[in-house]
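Here is how the chains run, residue by residue.
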Amino acid sequence: MKTNTQQLQDFSTQVRRDILRMVHAVNSGHPGGSLGCTEFLVTLYQELMDRKEGFDMNGIGEDLFFLSNGHISPVFYSVLARSGYFPVSELATFRKLNTRLQGHPTTHEGLPGVRVASGSLGQGLSVAIGAAQAKKLNNCNHLIYALLGDGELQEGQNWEAIMYASAKKVDNLIATIDLNGKQIDGTTDEVLNMGSVRAKFEAFDWDVLEIKAGNDIEAIIAGMTDAKSRTGKGKPVCVLLHTEMGNGVDYMMYSHAWHGKAPNDEQLAKALEQNAETLGDY
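Counting restarts for each chain: residues are numbered from 1 in the order of the written sequence. Restriction of local features to residues with pLDDT of at least 70 applies here, the model being predicted, together with a cutoff of 80 or more for giving and counting side-chain atom pairs; totals for whole chains, interfaces and linings are based on all residues. Each side-chain value is derived from all of the structure's non-hydrogen atoms; neither hydrogens nor water enter the calculation.

> Quick question: what am I supposed to make of the overall build of the protein here?
Here a helix means four or more residues in a row that DSSP labels H or I, a strand means two or more in a row labelled E, and each is numbered from the N terminus. A count of helices and strands for the protein gives ten helices and seven strands. C-alpha atoms define the radius of gyration in this analysis, and the globule rule sets the expected value at 2.2 Å times the number of residues to the power 0.38. Rg of the C-alpha trace for the protein: 18 Å, near the compact-globule value of 19 Å for 282 residues, within the 12% margin. Expressed as lengths along the three principal axes of its C-alpha atoms, the size of the protein is roughly 50 × 45 × 35 Å. The buried share of the protein, reckoned over its 282 residues, is 55%. Taking all contacts inside the protein whose residues are at least 6 apart in sequence as the whole, residues at least 24 apart take part in 75%. Relative accessibility thresholds used throughout: buried, under 20% of the residue-type maximum; exposed, over 50%; partly exposed, between the two (1.4 Å probe, protein chains only). Here, two residues are considered to be in contact whenever any of their heavy atoms come within 4.5 Å of each other.

> Any chance you could explain the packing of helix α3 (residues 38-48) against helix α4 (residues 73-82) here in plain terms?
Throughout, an axis means a line fitted to C-alpha atoms (over the contacting stretch in the case of helices), and angles, computed between N-to-C directions, take values from 0 to 180 degrees. Where α3 meets α4, the closest approach of the two axes is 10 Å, and the angle between their N-to-C directions is 30°. In terms of orientation, α3 and α4 fall into the roughly parallel class. In this structure, the crossing between α3 and α4 has a hand that is right-handed. Between α3, through Thr38, Leu41, Val42, Tyr45 and Gln46, and α4, the contact on the second element is made entirely by Val75, Phe76, Val79, Leu80 and Arg82. Any residue that is not Ala, Val, Leu, Ile, Met, Phe, Trp, Tyr, Cys, Pro, Asp, Glu, Lys or Arg is counted as polar, Gly included; the first ten are nonpolar and the last four charged. Tallied by class, residues from the contact of α3 with α4 come to seven nonpolar, two polar and one charged. Reported orientations rely on four angle classes, namely roughly parallel under 35 degrees, roughly antiparallel over 145, roughly perpendicular from 65 to 115, and oblique for the rest. By convention, the crossing between two helices is left-handed when the near helix turns anticlockwise from the far helix through less than a right angle, and right-handed when the turn is clockwise.

Here it is as structure tokens:
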């Protein structure tokens, strides 16, 4: 059942609460990028992807998603749990001993919704391309989605994959780049200026579009619907998603400081005041 914008916004608000409470409970994790990608992942799973009930690794007859920037696992876990892949109560085990919800997603514990381990950056796009080509070999018309960080593009394997995808006309793939302009050591321009990401993807013969308001649900729906319409035309599709790290928590926004830092008790309370409980805390 498709949802309306308010339902998606309420879902996003609850996911933000989950993220904040998860990282606070263990005083570790990555809230900044997780908060920045909340609206995107919520909209992807609740509105855009054609997915089945339940989970199997092969994913025959449905769209698949691969998270490449695996450190934003808090948002991924919350969206998966609240989309029915595993109990929401399991979010309370995040980063604890013997948990299935490790700091970076892994597959060896069999967590539903996770198809690839993503501890090392720069590898997710390669996996997504392989899955996209498998879809073609299986005569399956469903799509592959991947999410990458902009700082992650400083890893060289991405560019081999980007070159390969266009050369082999992997046109059932939509790769979204979270363009928040920040990474753990500062801004992406300060750490390693990449110039125009759009120009680079276009030079590698990808079809590129931008979502300027990457934390606005209606803009995400419009942009990703456009992206879906461009698939199947001989080129892989790249979506440049402009987000704000720490979105939804005023003191976390406009800085890279909260890339990998958990809030203390007082900071958590302030953040939760800005994100009212909507779907019920775990």
